[in-house]
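Analysis of the macromolecular model
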Amino acid sequence: LKMVTICNPCNPTGTLIPAEKLEKISEICRENGAWLVCDNTYEHFVYNKTQREGHVCVEGDNIVNVFSFSKAFGMMGWRMG
């Protein structure tokens, strides 16, 4: 196992992965020498009002957080190289 990819929040439901679970996933990846890629593209698409403030990003030497201008700022069709 070289890499684990997760999408947080999930598309199309907007369901968030709880911070404790993200930390556990990160820990498991770190212990096994795997990269964790967190796709945060839909960070602004949380539909459950009780979870709205709950989006967190985990950080670490083995973690890559990915975001998107096109989703966050309504720039669909724009490409940056």
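Our structure is the block above this text.
Scope of this entry: the structure provided in the associated data block. Bear in mind the structure is a predicted one, so any value in this text is a computation, not a measurement.

**Let's talk about the pattern of salt bridges**
Inspection of every chain in the model, using the stated rule, returns one salt bridge. Note that Glu27 is salt-bridged to Lys24, the shortest N-O span being 3.8 Å. One end of the pair, Glu27, and the other, Lys24, are both in helix 1 (residues 19-31), three residues apart, so they sit about a helical turn from each other. Given a relative accessible area of 30%, Glu27 falls into the partly exposed group. The exposure class assigned to Lys24 is partly exposed, which follows from its relative accessible area of 45%.

**Structural notes on the side chain of Asn8**
Following the sequence through the fold, Asn8 ends up in the loop between strand 1 (3-7) and helix 1. Of the polar contacts made by the side chain of Asn8, one reaches the backbone nitrogen of Ile17; its length is 2.7 Å. Setting aside residues no more than four positions away along its own chain, Asn8 makes contact with Thr15, Leu16, Ile17, Leu22, Asp39, Asn40, His55 and Val56.

Analysis parameters
Residues numbered from 1 in each chain as written. Predicted model: local features only at pLDDT ≥ 70, side-chain atom pairs only at ≥ 80, totals over all residues. Heavy atoms only, no water. Salt bridge = Lys/Arg side-chain N within 4 Å of Asp/Glu carboxyl O. Helix = DSSP H or I, 4+ residues; strand = E, 2+ residues; numbered from the N terminus. Buried < 20%, exposed > 50% of the residue type's maximum accessible area, 1.4 Å probe, protein only. Polar contact = N/O pair within 3.5 Å; in protein donor to acceptor, adjacent residues only side chain to side chain. Contact = heavy atoms within 4.5 Å.

The analysis is restricted to geometry; functional conclusions fall outside its scope.
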